[in-house]
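# Architecture at a glance
Now for the letters of each chain:
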Amino acid sequence: MLNGFKDFILRGNVISMAIGLAVGAAFTAVVTGFSNAFITPLIGLATRGTGDFSKASYEVDGVVFPYGLFIAAAIAFLITAGVLYFCVVVPMAKVQNRFAKEQEEEAVDIKAALRDCPRCFSEIPAIASRCGHCTSEVEPDPEALSLAKLPAQQH
């Protein structure tokens, strides 16, 4: 039972996830600090608020509603989401698209091009050197070989 747990913990994806969470928490702390130090005071200046905007609140029947904390957290969230989107998601999507295009160009179905066997007239792949039906030797189509990026066969 402990060996299974050890294997689970030592798997690369669990360790990568833990590192990602630690970096994400540190990044969130930096963004929150930036938001509290610069963005919140700028909003306070723009709205003619005095002091720390994150401490803004109102009171109803003796109950205090600290809406400034929510606004500060929402601002930190928007900054974090924006930075992650533009610095991680967009570049990774471009890399994945480029990689997918390269794979699409390389992916050729070598059995898609068909021709008839000159002996038994059964359909065989154009790159075949032997008929799968009558087993007679046939000459592979050179154009199909070049499309499949296979070398020309020597007899």
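Counting restarts for each chain: residues are numbered from 1 in the order of the written sequence. Predicted model: local features are reported for residues with pLDDT of at least 70 only, side-chain atom pairs are reported and counted for 80 or more only, and whole-chain, interface and lining totals are derived from all residues. For the side-chain quantities, the full set of heavy atoms in the structure was used; hydrogens and water were omitted.

## Looking at the overall build of the chain
Helix and strand counts for the chain come out as 4 helices and 4 strands. In sequence order, the chain lays out its α and β elements as α-α-β-β-α-β-β-α. Classification of the 155 residues of the chain by burial places 17% in the buried group. Surface exposure of the chain reaches about 12000 Å², of which carbon and sulfur atoms provide 65%. Strands here mean DSSP runs of E at least two residues long; helices mean DSSP runs of H or I at least four residues long; both are numbered from the N terminus. Residue exposure (1.4 Å probe, protein chains only): buried if accessible area is under 20% of the type maximum, exposed if over 50%, otherwise partly exposed. Here, Shrake-Rupley sampling with a 1.4 Å probe gives the accessible areas, and only protein chains in the shown set may cover a residue.

## Quick notes on the UniProt feature "transmembrane region" (unreviewed entry) in the chain
UniProt positions are given in the numbering used here, feature names are shortened, and annotations may be inferred rather than shown by experiment. The positions that UniProt labels "transmembrane region" (unreviewed entry) are, in the present scheme, residues 21-44 and 64-88. Regarding residues 21-44, the helix share stands at 100% and the strand share at 0%, and the terminal C-alpha atoms are separated by 32 Å. Between the first and last C-alpha atoms of residues 64-88 the distance is 39 Å; the span itself is 88% helix and 8% strand.

## Overview of unusual backbone geometry
Apart from glycine, the bulk of residues carry a negative phi angle, and the bulk of peptide bonds sit in the trans form. We note that Asp 61 has phi near 50 degrees; this positive angle belongs to a residue other than glycine. Locating Asp 61 in the fold gives a position in the loop between β1 (58-60) and β2 (63-65). Exposure remark for Asp 61: the relative accessible area of 79% places this residue in the exposed category. The phi angle at Phe 121 is positive, at roughly 60 degrees, despite the residue not being glycine. Residue placement: Phe 121 occurs in the loop between β3 (114-116) and β4 (123-125).

## A few points about the nonpolar core
Ranked by size, the top nonpolar core spans 5 residues in total: Cys 117, Ile 124, Ala 128, Cys 131 and Val 138. The contact definition used throughout considers only heavy atoms, calling two residues in contact when any of these lie within 4.5 Å. Setting aside residues up to four positions removed in sequence, Cys 117 forms contacts with Ser 122, Ile 124, Cys 131, Cys 134, Ser 136 and Val 138. Working definition of a nonpolar core: buried Ala, Val, Leu, Ile, Met, Phe, Trp, Tyr and Cys residues. They are joined through side-chain atoms within 4.5 Å.

## Here we look at the packing of aromatic side chains
We call Phe, Tyr and Trp rings a pair once their centres come within 6.5 Å, taking the six-membered ring for Trp, and we label the pair stacked below 30 degrees between planes, edge-to-face above 60, and tilted otherwise. By the definition in use, this model includes 4 aromatic pairs. On the numbers, 5.2 Å between centres and 20 degrees between planes, the contact of Tyr 58 with Phe 65 is stacked. Of the residues examined, Tyr 58 reaches a relative accessible area of 44% and is grouped as partly exposed. Each ring, one from Tyr 85 and one from Phe 86, has its centre 5.0 Å from the other, and the planes form 80 degrees; the classification is edge-to-face. Of the residues examined, Phe 86 reaches a relative accessible area of 59% and is grouped as exposed. Aromatic rings pair up to connect Tyr 58, Phe 65 and Tyr 67 into one cluster.

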